[in-house]
Amino acid sequence: MDKIGARFELLDDPLSRCEEFRPFCPSVLCERQAEYSENTFHAPFLVVTFPVNQKVADTMPAGVHVDNTARIQSVHADSNPLYDRLIGEFAEATLLPVLINTSLNINEQSTMNAPLEALHTYFCTVWTCCISATIG
C-alpha cells in the first residue's frame with residue numbers, strides 16, 4: 001500500500017473483524033491534535049468523533065469514517081506517558097505523530113476489561129498470540 005495508514009487486511013479482518021463503516025482510531029499527541037482535526041478537545045477514550053482535515057483523509061484513510069470524521073484519541077504525557085513517548089518516537093522516525101489504535105474487541109462484542117475476556121477473544125479469532133502485561 002502506498003499511503004501511510006491504508007486499511008490493512010491483516011489488521012482489519014482477522015484481528016478486530018471491524019465493519020467497513022467502523023475504522024481504526026488515530027492516537028494523536030495532544031499538543032498536535034489540532035493539526036489533524038477541527039474543534040478538538042482532550043478526548044482520551046476513543047468515544048468522540050471530530051471532523052478531520054483533508055491531510056488526515058489522504059494519509060490515514062484507515063482512521064477516517066465515510067463522513068470525514070475520526071474517533072481521535074488524545075494522548076497526553078501526564079496521563080499516558082509511555083504511549084506519549086511511543087508516539088513521539090514514531091513521530092521522530094516518520095514525521096507523523098499518530099498511531100492507529102482500536103478498542104480491544106471483535107464485532108458485536110463489548111470492549112474487553114479483563115485478562116480472561118482477552119483470552120476468550122483470543123480463542124474466538126485467528127490471533128497467533130495474546131500478551132497481557134501490567135505497566136506502572
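Residues numbered from 1 in each chain as written. Predicted model: local features only at pLDDT ≥ 70, side-chain atom pairs only at ≥ 80, totals over all residues. Heavy atoms only, no water.

Trainee: How should the overall build of the protein be read in this particular structure?
Mentor: A tally of helices and strands in the protein yields 4 helices and 5 strands. Each helix (α) and strand (β) of the protein, taken in turn from the N terminus, gives the series α-β-β-α-β-β-α-β-α. Burial status across the protein gives 38% buried among its 136 residues. Nonlocal contacts in the protein, meaning residues at least 24 apart in sequence, comprise 52% of its contacts between residues at least 6 apart. If you sum the accessible surface of the protein, you get close to 8,500 Å²; carbon and sulfur atoms cover 59% of it. (Helix = DSSP H or I, 4+ residues; strand = E, 2+ residues; numbered from the N terminus. Buried < 20%, exposed > 50% of the residue type's maximum accessible area, 1.4 Å probe, protein only. Contact = heavy atoms within 4.5 Å. Areas by Shrake-Rupley, 256 points an atom, 1.4 Å probe, with all protein chains shown as cover.)

Trainee: In this structure, what is going on with the side chain of Ser37? I would like to understand it.
Mentor: Locating Ser37 in the fold gives a position in the loop between β1 (25-29) and β2 (50-51). Judged by its relative accessible area of 5%, Ser37 is buried. If we skip the residues at most four places from it in the chain, Ser37 touches Phe50, Pro51, Val52, Asn53 and Ile72.

Trainee: Explain the confidence of the model for the protein to me, please; I cannot follow it from the model alone.
Mentor: Confidence along the protein averages 76 in pLDDT terms, with 74% of residues attaining 70 or more. Of all secondary-structure elements in the protein, the lowest mean pLDDT belongs to helix α1 (residues 9-16), at 46, while helix α3 (residues 81-94) reaches the highest, 93. Within the model, the stretch residues 1-17 combines pLDDT values under 50 with 44 contacts to residues more than four positions away or in other chains. (pLDDT = per-residue confidence, 0-100.)

Trainee: Even after reading the chapter, I still don't get the nonpolar core, so can you show me in this structure?
Mentor: Val28, Tyr36, Ala43, Phe50, Val52, Val56, Met60, Val64, Ala70, Ile72, Leu96 and Val98 together form the largest nonpolar core, which totals 12 residues. Filtering out sequence-adjacent residues up to four positions away, Ala70 remains in contact with Pro26, Val48, Thr49, Phe50, Val52, Gly63 and His65. Grouped together as the second largest cluster of nonpolar side chains are 5 residues, Leu29, Val75, Tyr83 and Leu99 included. (Core = buried A, V, L, I, M, F, W, Y, C linked by side-chain atoms within 4.5 Å.)

Trainee: Help me out: how do you make sense of a nonpolar patch on the surface in this one?
Mentor: Taken together, the side chains of Leu116, Leu119 and Phe123 make up a nonpolar region of the molecular surface, amounting to roughly 360 Å² of accessible area. Within the element layout of this structure, Leu119 appears in helix α4 (residues 115-123). Residue Leu119 is classed as partly exposed on the basis of its relative accessible area of 39%. (Patch = residues over 30% accessible without salt bridge, like charges linked within 9 Å, V, L, I, M, F, W, Y side chains within 5 Å. Salt bridge = Lys/Arg side-chain N within 4 Å of Asp/Glu carboxyl O.)

Trainee: It is not clear to me how the sheet that holds strand β4 (residues 73-75) should be interpreted in this structure. Could you clarify?
Mentor: The strand order across the open sheet formed by 3 strands is β4-β1-β5, and the pairing between neighbours is mixed. Across the chains shown, the open sheet's two edge strands, defined by having one partner strand only, are β4 and β5 (98-101). Between one strand axis and the next, the sheet turns by 30 degrees as a mean value, whatever way the strands run. As paired strands, β1 and β4 are joined by 3 bridges and run parallel to one another. (Pairing = 2+ DSSP bridges. Axes fitted to C-alpha atoms, helices over the stretch in contact; angles between N-to-C directions.)

Trainee: What is the right way to look at the pattern of salt bridges in this model?
Mentor: Close approach of charged atoms allows side chains of opposite charge to pair. Applying the stated criterion across every chain, the model contains 1 salt bridge. Two residues, Arg32 and Glu35, come together in a salt bridge whose shortest N-O distance is 2.7 Å. Since its relative accessible area comes to 28%, Arg32 is described here as partly exposed. Since its relative accessible area comes to 33%, Glu35 is described here as partly exposed.

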